[in-house]
Amino acid sequence: METYGSLEAVGPVLDALGDPTRRVILETLRTGGPCSVGVLAERVPVSRPAISQHLKVLGAVGLVQHESRGTRNIYRVHQAGLDELRSWLDEFWGDTLQAYADHVRRTEEERK
């Protein structure tokens, strides 16, 4: 069976981020800081139960964490959960830089 290396590691994260509501929730946590489901429901136009379900998915792939404060959970972006995705995307950037360096090298050789 063929494997896809780093794509297998980032696949669940990409799947989770494929939902626009989850992206909005993650962005809201990133820009607005840690908050409860109730506060997220005030900022994102979906119900509290829907927010909770989306947070469950984001938590399962390591993009958000929560801590209990009394009867509430406070959610925040889990930066480490983005590391594999960042590394995978950096591979594209590395490929682009290498292609540019190769182009510059060829152009310089043609000028000689």
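Predicted, not measured: the structure shown is a model, and the values here were computed from it.

With that out of the way, let us pick up the overall build of the chain. Within the chain, the secondary structure is distributed over 5 helices and 2 strands. N-terminal to C-terminal, the α/β element order of the chain is α-α-α-α-β-β-α. The dimensions of the chain, computed from C-alpha atoms along their principal axes, are 70 × 35 × 25 Å.

Now for the confidence of the model for the chain. Summarising the model, the chain shows a mean pLDDT of 88, and 94% of its residues fall at 70 or more. Per-element confidence in the chain ranges from a low mean pLDDT of 82 for helix H5 (residues 83-111) to a high of 97 for helix H4 (residues 48-60).

What follows deals with H4. With 13 residues, H4 should cover 18 Å at 1.5 Å per step; its first-to-last C-alpha distance of 18 Å lies within 8% of that length. Following H4 by one or two positions, Gly62 adopts a phi angle in the positive range, close to 85 degrees.

The subject of this paragraph is the packing of helix H2 (residues 20-32) against H4. Contact pair H2 / H4: the axes reach a minimum separation of 10 Å and the direction vectors enclose 80 degrees. By the angle class used here, H2 and H4 are roughly perpendicular. Contact residues: H2 offers Thr21, Arg22, Ile25 and Leu29, while H4 offers Ile51, His54, Leu55, Val57 and Leu58. Residues of the contact of H2 with H4, tallied by class, amount to 6 nonpolar, 2 polar and 1 charged.

About the criteria used
Residues numbered from 1 in each chain as written. Predicted model: local features only at pLDDT ≥ 70, side-chain atom pairs only at ≥ 80, totals over all residues. Heavy atoms only, no water. Helix = DSSP H or I, 4+ residues; strand = E, 2+ residues; numbered from the N terminus. pLDDT = per-residue confidence, 0-100. Expected span 1.5 Å × (residues − 1). Axes fitted to C-alpha atoms, helices over the stretch in contact; angles between N-to-C directions. Parallel < 35°, antiparallel > 145°, perpendicular 65-115°, else oblique. Contact = heavy atoms within 4.5 Å. Nonpolar A, V, L, I, M, F, W, Y, C, P; charged D, E, K, R; others polar.

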